[in-house]
Amino acid sequence: MADQLEWRQIEPFGAEVVGVDLSQAPPQAILNQLRQLYDQHHLLVFRGQKLTLEQQRSAAGWFGKLYPPAEGVNFISNTRKDGYLGNLELKFHSDLAHCEYPIESVMLLGVELDEGNTSTKFVSSAKAWAELPDDLKKVVENRRAVQCFAYGPTEGVYGFDERLPNWSHRIARPHPRTGELCLYVMPESTRVIEDMPEEEGRPLLEALYEHIARPEAVYEHIWHVGDVVLWDNLACQHARGALNPDVPRTMQRATLGPLTFKQQYPSLSPEAQEIVFGRLGAEPG
Ligand SMILES: [Fe+2]
């Protein structure tokens, strides 16, 4: 392998890496460039990969702290007994936004797919903040928004289930490594802008959602077997359309973050646990 990492720009954001086999640790110089590329673009695509779960976890670990093996959803699947896969549409969201420490990165590998006919959509929340009109920036830059446990059938977009975990984050949330401000509200899990009457906050949230999902900002990854997409969950949001339950679909997943959901909420009531883990069957795409 050469000392210079080969890659190409994805539009409207992201980078496709060429010539890196994720099953093998690269030389330090390449690893450094990969990490730098990741922090510049927040989303990396690798093609033609064949990885065991352990190999994938090891590659994901090049970019941060891995979840313990038993604490992440390892397979997003409707064919494996140990897999989770809902069929519902998932609007744009950041995984575990309702926690103090959301997931930092997700790496998905396409294992079994209706090739070319299933996709995941991504937007850069760093770009979303940078490109937000100034008048909207001014209104929300020092505000926080409450994120609640969503995933799956909720009580409507603005529904609030007090039994489940909630957390408020800054709407302009600084990225922990790069310091970039990232627009951290999302249609799947944001409920209210803190300390603002709902009738004032709701139209603001709608305007922010519309901005986040502006068509020219969306990268839609059309999946093929062997594709790996690694994304920064603090700097990107992802979404997927409804799925056909009769079409086999398996993604192998590795997750990075300082604390898992269970570590952050060690004493959830049995009722809340039942709801949360019941609904995780519909998480994420
Ligand atoms: Fe998700």
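Bear in mind the structure is a predicted one, so any value in this text is a computation, not a measurement.

Enquirer: Can you break down the nonpolar core residue by residue, with the values?
Expert: One recurring pattern in soluble globular proteins is that nonpolar side chains are buried together. Judged by nonpolar contacts, the single largest core of 28 residues is most densely connected at Leu43, Leu108, Phe122, Tyr219, Val229, Trp231 and Phe261. Only β3 (43-46), β6 (105-112), β14 (228-232) and α7 (270-279) provide two or more residues apiece to this core. Looking at this core, the element that brings in the most residues is α7, giving three residues. Every residue in contact with phenylalanine 122, bar those within four places of it in the chain, is listed here: Phe13, Leu43, Phe92, Ala217, Val218, Tyr219, His221, Val229, Trp231, Gln237 and His238. In terms of nonpolar packing, the next biggest core, distinct from the first, is built from 23 residues, Leu31, Leu37, Phe63 and Leu230 among them.

Enquirer: Describe the sheet that holds β6, with residues and values.
Expert: One open sheet holds the seven strands; their spatial order is β1-β2-β3-β14-β6-β16-β4, and the pairing between them is mixed. Two strands bound the open sheet, and with one partner strand each, they are β1 (6-9) and β4 (75-77). Direction aside, neighbouring strands of the sheet carry axes that sit 25° apart on average. Here seven bridges tie β6 to strand β16 (residues 250-256), and the two strands are oriented antiparallel to one another. Bridge pairing links serine 105 to leucine 256 in β16.

Enquirer: Requested: an account of the side chain of arginine 173, with residues and values cited.
Expert: The topology assignment puts arginine 173 in strand β10 (residues 172-174). Here arginine 173 is buried and forms no salt bridge, its nearest opposite-charge partner glutamate 104 lying at an N-O distance of 7.8 Å.

Enquirer: How would you explain the coordination of the iron ion if you had to name every residue and give the values?
Expert: The coordination sphere of the iron ion contains the protein donors His93 (NE2), Asp95 (OD) and His238 (NE2), at a distance range of 2.1 to 2.2 Å. Counting along the primary sequence, the residues that act as donors to the iron ion give the motif H-x1-D-x142-H. Note on accessibility: histidine 93 and aspartate 95 belong to one class, buried.

Enquirer: Could you give me a rundown of the side chain of threonine 250, with the residues and numbers involved?
Expert: Summarising the element assignment, threonine 250 is placed in strand β16. On the basis of relative accessibility, which here comes to 3%, the residue threonine 250 falls in the buried class. Within the structure, threonine 250 has its side chain in polar contact with the side chain of serine 77 (distance 2.7 Å). Every residue in contact with threonine 250, bar those within four places of it in the chain, is listed here: Phe75, Ile76, Ser77, Thr79, Arg80, Leu109, Gly110, Val111 and Glu112.

Enquirer: Hey, could you go over the state of the cysteines for me, with residue numbers and the actual values?
Expert: Scanning the model with the defined rule gives zero disulfides in all. The thiol sulfur of cysteine 99 is not disulfide-bonded, and the nearest other cysteine sulfur, from cysteine 148, lies at 12 Å. Take cysteine 99: its relative accessible area is 0%, and that puts it in the buried class. Cysteine cysteine 236 remains unbridged, with the sulfur of cysteine 182 as its closest cysteine sulfur at 8.4 Å. Looking at cysteine 236, the relative accessible area reads 0%, which means it is buried.

Enquirer: Can you explain the sheet that holds strand β12 (residues 190-193)? Please cite residues and give values.
Expert: Read from one edge of the open sheet, three strands run β9-β8-β12, paired in antiparallel fashion. Of all strands in the sheet, those with a lone pairing partner are β9 (166-170) and β12, marking the two edges. With direction set aside, neighbouring strand axes in the sheet form an average angle of 30°. Strand direction decides the pairing type here: strand β8 (residues 144-148) and β9, joined by five bridges, are antiparallel.

Calculation rules
- Residues numbered from 1 in each chain as written.
- Predicted model: local features only at pLDDT ≥ 70, side-chain atom pairs only at ≥ 80, totals over all residues.
- Heavy atoms only, no water.
- Core = buried A, V, L, I, M, F, W, Y, C linked by side-chain atoms within 4.5 Å.
- Buried < 20%, exposed > 50% of the residue type's maximum accessible area, 1.4 Å probe, protein only.
- Helix = DSSP H or I, 4+ residues; strand = E, 2+ residues; numbered from the N terminus.
- Contact = heavy atoms within 4.5 Å.
- Pairing = 2+ DSSP bridges.
- Axes fitted to C-alpha atoms, helices over the stretch in contact; angles between N-to-C directions.
- Lys, Arg positive; Asp, Glu negative; His and termini not counted.
- Salt bridge = Lys/Arg side-chain N within 4 Å of Asp/Glu carboxyl O.
- Donors = N, O, S within 2.8 Å, 3.2 Å for Na, K, Ca; no water.
- Polar contact = N/O pair within 3.5 Å; in protein donor to acceptor, adjacent residues only side chain to side chain.
- Disulfide = S-S within 2.5 Å.

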